[in-house]
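# Geometric and topological summary
The primary structure of each chain is shown beneath.
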Amino acid sequence: MTHLDLARLLRPTTVRARLTWRAAGIAALGTVVALGTAAVLTAGGPSSDKKDATGASNQGGADSRALELCRGLGLIRAASTQPHPSVSGWMWLWAIAVVTVVAAGTCWLALGSVLRPVEEARSHFSLLASDASRHRVPLPRNGDEITNLVQTMNSGLTRLQTTVEQQRRFVADASHELRSPLAALQAELEIALSRPDRVDWPDVVRAALGDTRRLQHLTEDLLLLARLDLDKPGEQHRMEKVDLTDLVREETARRHPPTHVDFHLDIVPGPLVVQGHPALLARVLGNLLDNAERHASSSVTIRLSHDAEERQAVLDVVDDGPGIPPADRARVFERFTRLDTARTRHTGGTGLGLAIARRVTTLHHGTLAITPTPRGAHLTTRLPTHGHTSTIP
């Protein structure tokens, strides 16, 4: 807007109109104060009863600089015969009106030029945010606070676009993963019902139970990831001190690995305490062991140590399987990623194990990465030890 909108001025509903009203009020008040001060100064000369024989000369001396200034501005009558002429009431009104209008118009135009980039940025942002476009709001050339505002808006658009793309990909992958076991379960039951007298019903029930369990695990993983994405693990996962030494011993003791796989433990003798969610930390180790068991040829090594210099607990899970190709080392932490050797419905898992493990580790201000090794896969988890741990959200 570059023209004076009287309707908005009379009913100020925008920042520009409100500030214009305030500027006009301040200008009017300042004019009244200035004219009042001028009137006081021009009325302060010597009284007529103190004139002497040289009264004409004294009358001229009573014309102070303030009085001459007021005469020059037209605020008093130059031809007045009164010894101390006063400001005319109409002059007061005209002066207040002129100064108020000039101040309001100047403020309105100045605010328009200042707020125009904000309005342009708002209109661009409203269009871009609606469809998560890759375009961004043009940056003003001033390099002032408005530029910083636009940069923040563009950063928010980037995060919005990333979130929308992740959600779309996640929904597509989740629907595909859920559709497969549901279709298999439906097909098994339909085939069994079509020939009920020729079906081994215990086998059908066992197969259906396996698909149902896989659906249950997949649903639980999806719900857990949804909570972790919001940095809200849930009420059942409360912060407390966790001894990783005991956690690793308990988690490995309760597992039943395949007969051809042996577990080898290498754990620090004393307690190694971190601050975190015990169930989620156990889930990290469980997912790492699940991944190692599926790929190991004969052994899985679990090593827990303390990096005193970095004040971190270091958990290594190493298997002697085929390993992870360098091209897939970043991809294996993505959701629903399964390598070619682990794509079968029964042994491939849900494809969410390592994604959950990394998300939980990040939530605990730690890291989960692949350590290069000549044979097999070597995954290393680092967590800050208690006393050096920040508060987990």
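Here is a short report on the structure shown in this document. Just so it is clear, the model here is predicted, and its values are computed rather than measured.

### Regarding the overall build of the protein
Of the regular secondary structure elements, the protein holds 10 helices and 7 strands. Expressed as a percentage of its 393 residues, the buried residues of the protein come to 37%. Sequence-distant contacts, at least 24 apart, represent 67% of the contacts inside the protein between residues at least 6 apart. Carbon together with sulfur atoms contributes 58% to the accessible area of the protein, which is approximately 23,600 Å² in total.

### Focus on empty space enclosed by the protein
One pass over the full model with this rule turns up 1 cavity of 30 Å³ or more. Taken as a whole, the largest cavity spans an internal volume of roughly 110 Å³. Surrounding the largest cavity, 14 residues form its lining, Leu244, Leu281, Leu315, Thr381 and Leu383 being those nearest its centre. Mapped onto the lining of the largest cavity, the elements with two or more residues apiece are α8 (244-253), α9 (278-295), β5 (312-319) and β7 (377-384). Considering only residue class, the lining of the largest cavity consists of 11 nonpolar, 2 polar and 1 charged.

### Thoughts on the environment of Phe263
Along the polypeptide, Phe263 turns up in strand β2 (residues 262-267). On the accessibility criterion, Phe263 (21% relative accessible area) is partly exposed. In the structure, Phe263 is positioned 38 residues away from Thr301 in sequence and 5.9 Å away in space, judged by C-alpha atoms. Each residue touching Phe263, except ones within four places of it in the same chain, is listed here: Thr252, Arg255, Pro257, Glu293, Val300 and Ile302.

### Considering the pattern of salt bridges
With the rule as written, the count across this model stands at 9 salt bridges. Taking the shortest distance from any N to any O, the salt bridge between Arg206 and Asp203 comes out at 2.2 Å. Of this pair, Arg206 and Asp203 both sit in helix α7 (residues 201-229), separated by 3 residues, roughly a single helical turn. Residue class for Arg206 comes out exposed when judged on its relative accessible area of 54%.

Definitions and cut-offs
Residues numbered from 1 in each chain as written. Predicted model: local features only at pLDDT ≥ 70, side-chain atom pairs only at ≥ 80, totals over all residues. Heavy atoms only, no water. Helix = DSSP H or I, 4+ residues; strand = E, 2+ residues; numbered from the N terminus. Buried < 20%, exposed > 50% of the residue type's maximum accessible area, 1.4 Å probe, protein only. Contact = heavy atoms within 4.5 Å. Areas by Shrake-Rupley, 256 points an atom, 1.4 Å probe, with all protein chains shown as cover. 1 Å grid on protein atoms, 1.4 Å probe; cavity = no way out; pocket = protein on both sides within 12 Å on 5 of 7 lines; lining within 4 Å. Points joined across faces, edges and corners; volume = space filled by probe spheres on them. Nonpolar A, V, L, I, M, F, W, Y, C, P; charged D, E, K, R; others polar. Salt bridge = Lys/Arg side-chain N within 4 Å of Asp/Glu carboxyl O.

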